[in-house]
Protein chains: 2
Amino acid sequence: MRPIDALVNSLSEAQVVTDPDVIDSYARDRTFLEPGKALGVVLATSRDDVVTTMKWATEHRVPVVPRGAGTGLAGASVASDGAIVLSLAKMTAIRELSPADEIAVVEPGVINADLDRAAREHGLMYAPDPSSYEISTIGGNLATNAGGLRCVKYGVTRDSALGLEVVLADGRILNTGRRTMKGVTGYDLTGLFVGSEGTLGVITAATVRLRRAPIAPPSTFAAEFGSLRDAGAAVSAIMAAGCQPSLMELLDRATLQAIDDWRNIGLESSTQAMLIGQSDATDADAMVERMERLCMEHGASFVAVSSSPEEAEELIGVRRLAYGAKERMGACLVEDICVPRSALPDMITAIEAAAVRHDVRIATVAHAGDGNVHPVFIFEHGTLEPPAEVWAAADEVFRQALALGGTLTGEHGVGLLKQRWLELEAGPVGTEIQRGIKAVFDPLGLLNPGKAI
Amino acid sequence: MRPIDALVNSLSEAQVVTDPDVIDSYARDRTFLEPGKALGVVLATSRDDVVTTMKWATEHRVPVVPRGAGTGLAGASVASDGAIVLSLAKMTAIRELSPADEIAVVEPGVINADLDRAAREHGLMYAPDPSSYEISTIGGNLATNAGGLRCVKYGVTRDSALGLEVVLADGRILNTGRRTMKGVTGYDLTGLFVGSEGTLGVITAATVRLRRAPIAPPSTFAAEFGSLRDAGAAVSAIMAAGCQPSLMELLDRATLQAIDDWRNIGLESSTQAMLIGQSDATDADAMVERMERLCMEHGASFVAVSSSPEEAEELIGVRRLAYGAKERMGACLVEDICVPRSALPDMITAIEAAAVRHDVRIATVAHAGDGNVHPVFIFEHGTLEPPAEVWAAADEVFRQALALGGTLTGEHGVGLLKQRWLELEAGPVGTEIQRGIKAVFDPLGLLNPGKAI
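Residues numbered from 1 in each chain as written. Chains lettered and ligands numbered in written order. Predicted model: local features only at pLDDT ≥ 70, side-chain atom pairs only at ≥ 80, totals over all residues. Heavy atoms only, no water.

Chain A carries the name Glycolate oxidase in an unreviewed UniProt entry, which gives Nonomuraea solani as its organism.

See the structure below:
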């Protein structure tokens, strides 16, 4: 009997997929990376299924690649040769939602936006909102410590994770964290799992923090600048003034041009950058008025402001078009560096210089309030791998981010794509310690090998 | 040559204290716990001193007990037999304070309030504010993941820790985390060190997040209730209404009585609980007006409100008297459970029941917005150890906190005091994993043995 037959016997035929075409569809994420040849896919519907799979994997020494919806941008859920893909996408129960305690207990396959909608029925929200919120899962969000537009005010996924139920590599169950807002019993294992890309265990439930949803509609502005430095200075001034934006996005000329080519937004030839901001505070209008004034003081040529939800959606809509506009132009390597906020103009300038030097198209958007920059490297459609000059430009961008006191990845994770650069940031001691931690949880190295660390 | 002489040779005579009386003053914290007989005290003034000490300790297999100001309430910095006490209190440099990036890089001996004051000069603040903020160090705050009054709005110490410089047990230097607001490169080692009570490494510098200081003076209220349940319901209503208090403290009858006996605050005989709240929002007055109304709707007999800084200090002053008032009454075991917010009235009721059942005096204050409850067990002055009935009552309180979905410690840590109950919460798998992590960082078990896990 082949090992996989033993797994089919323990689960059910419907839960273990061995059709090569179906396997392939579960073996990829949103990167261009070609997966290895996986043995099969387990469609888990319960914690017990995960326990069974991990015990089987340990017995037969089979690597396991856990995944949610496969919307990752760093290759963390790309399958490897001989692995079992463990899909948590069917574990979609919201086990509990407590408005009084402002927490929810959810299974990993719950879609981010579904949890948010369930929370809104009680005047609450689930704050982390990666751009993929309508299609990505909470499990995937936890595995990558996903960010999003609202992070600038409400923090990243780790800031909303209170406790986890995890199945370890050998099938044992570990409960981490708590249901309370504070707690210091033992080491912070919850925080350790968040962002670990499925390399330490398989999350089968999470206790997450909900927050009060804003009561009034948000107020929004969009400002056009003739120079990127001016826009960067406006960001600094807005944050320094304590305006607490709930969203603060920067689009560079290349991005705006791509959007204008697609949807004709009437882009002025002098516009080099656009800043889109929002406040969801109880005094949102006053806050946005201050932000508008600060933009004008820092050289904005035009600022549109609105507190009508429809007009706000139009202003933010420009930002939402960014990726679509770029994908029209070619295949995309979506990058994700983060620098101290004051280094934002220098970082974007360095990106532009790298684009020129290596003759590569790079269009950049940034979660500017956080210093989190997404340069998108655009290359020819149909090319399997980014060409050498794209990697050369990316290498330059990564090194520059580190030189500016930044990090290789703000919210997408390391996955496979950042492996080459990882030790530049983690250093030899850090790398050794991380490997030691990995071995505590997964001594046989079965969980998502080659990812994250 | 004795091992300690080798250490004196490597450092300097002034830096290695061997006078028994001085050792004793560095061997205690704020608990009643009697320390073991330490070999000596190192007064480190630089990272190099710490490296030298740890290399020496590894060579000679000497346990090391790191400490800041010794204000801990769980015994985490109480010295053990044959150990070297490593004081970081003289490493007091604020290496950097960047208003533009809203971060500071500080050494571990910086006093919490000194960092806050340095930040205020730039319109910023250091948010975590344990009650010991005028005397406790950032290093100690990090080691215990200290909380405080402002946590309810701004989070605990971990939420302000971005990166660390750490000396490992063998003297190697590890840099964790980053200077940026977001980042997911590798496992979250920063979060792992925060709250680890010096058992994984010695923090020699920390990059911490600063926040904008509120611009307007805060608005404050104090409400009196005839029943604890009413006060608990008011807390729930205030949080559910999205009032975002920056402080939300609950005092029980026993605490109010102790304060009244000491300072005569004119306590009404019908008052069973007092709730003190504050808003530091730009619309603080409106927020406090809403909180006042919600208190009245939930049965408050009287609510005082003020936005004058002096009157606010008077209202909050009652809370600040709480510990002093209890210490007058006897020796104190200060406890620190945390429950889901909705369980707060049940928890306090259970504490009162335990007091009656075991005939023990317990007076309770709570960071009510966080569900963090400090029952203070009062016993006879001059008693070295809490008597059996105090431990019996504490045991009942801890078990009840866990039964209500809570945790053994919200912000003081495990130290030595909570060791007995730890596995009740961590479970056998969690305990094993935590010991495995400890061994990765400190395979010889030299760093603060017997604490935290």
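**Student:** Help me understand the overall build of chain A, please; the structure alone is not making it clear to me.
**Tutor:** When helices and strands are tallied, chain A shows 15 helices and 19 strands. For 453 residues, the compact-globule formula gives about 22 Å, and the C-alpha radius of gyration of chain A, at 22 Å, lands near that figure. Taken over the C-alpha atoms alone, chain A extends approximately 70 × 55 × 40 Å along its principal axes. Scored against the burial criterion, the 453 residues of chain A give a buried share of 63%. Residue pairs at least 24 apart in sequence account for 73% of intrachain contacts in chain A once pairs closer than 6 positions are excluded. When the accessible surface of chain A is split by element, carbon and sulfur atoms take 50% of a total near 16,000 Å². Computed over 40 positive and 59 negative side-chain charges, the inter-centroid distance for chain A is 4 Å. (Helix = DSSP H or I, 4+ residues; strand = E, 2+ residues; numbered from the N terminus. Rg over C-alpha atoms; globule rule 2.2 N^0.38 Å. Buried < 20%, exposed > 50% of the residue type's maximum accessible area, 1.4 Å probe, protein only. Contact = heavy atoms within 4.5 Å. Areas by Shrake-Rupley, 256 points an atom, 1.4 Å probe, with all protein chains shown as cover. Lys, Arg positive; Asp, Glu negative; His and termini not counted. Charge placed at Lys NZ, Arg CZ, Asp CG, Glu CD.)

**Student:** Sorry, what's going on with the interface of chain A and chain B here?
**Tutor:** As a measure of interface size, the accessible area lost when the parts come together is often cited. With 73 residues of chain A in contact, the opposing surface of chain B contributes 73 residues. Of all residues in chain A, Lys182(A), Val184(A) and Tyr187(A) give up the largest surface area on contact with chain B, accounting jointly for 17% of the area buried on that side. Where chain A packs against chain B, one counts 10 salt bridges. The salt bridge partner of Asp370(A) is Lys182(B), with a shortest N-O separation of 3.7 Å. Counting every contact that joins chain A to chain B gives 28 residue pairs in polar contact (both at pLDDT 80 or more). In terms of residues, the side of chain A that touches chain B owes the most to one element, helix α15 (residues 419–441) of chain A, which gives 12 residues. Its residues assigned to classes, the side of chain A that touches chain B shows 30 nonpolar, 26 polar and 17 charged. (Buried area = accessible area lost by both parts, 1.4 Å probe. Salt bridge = Lys/Arg side-chain N within 4 Å of Asp/Glu carboxyl O. Polar contact = N/O pair within 3.5 Å; in protein donor to acceptor, adjacent residues only side chain to side chain. Nonpolar A, V, L, I, M, F, W, Y, C, P; charged D, E, K, R; others polar.)

**Student:** When you look at unusual backbone geometry in this model, what are you seeing that I'm missing?
**Tutor:** For residues that are not glycine, phi is negative in most cases, and the peptide bond is trans in most cases. Of note in this structure, Glu102(A) is not a glycine but carries a positive phi near 55 degrees. Relative to the elements of secondary structure, Glu102(A) occurs in the loop between β5 (94–98) and β6 (103–106). One non-glycine residue, Asn448(B), adopts positive backbone phi at about 45 degrees. You can see Asn448(B) is positioned in the segment after α15 (419–441). Judged by relative accessible area, which is 1%, Asn448(B) ranks as buried.

**Student:** Looking at this structure, how should I read the pattern of salt bridges?
**Tutor:** Side chains that differ in sign of charge can pair as their charged atoms come close. This model, assessed by the stated rule, comprises 54 salt bridges over all chains. Between Lys182(A) and Glu411(B) there is a salt bridge, and its shortest N-O distance comes to 2.7 Å. Placement of Lys182(A) in the loop between β9 (173–177) and α7 (189–193) and of Glu411(B) in the loop between α14 (388–403) and α15 is noted, with the two residues assigned to different chains. Both residues of the pair, Lys182(A) and Glu411(B), count as buried. Three or more residues joined by partner-sharing salt bridges are found here, namely Arg47(A), Arg95(A), Glu107(A) and Glu165(A).

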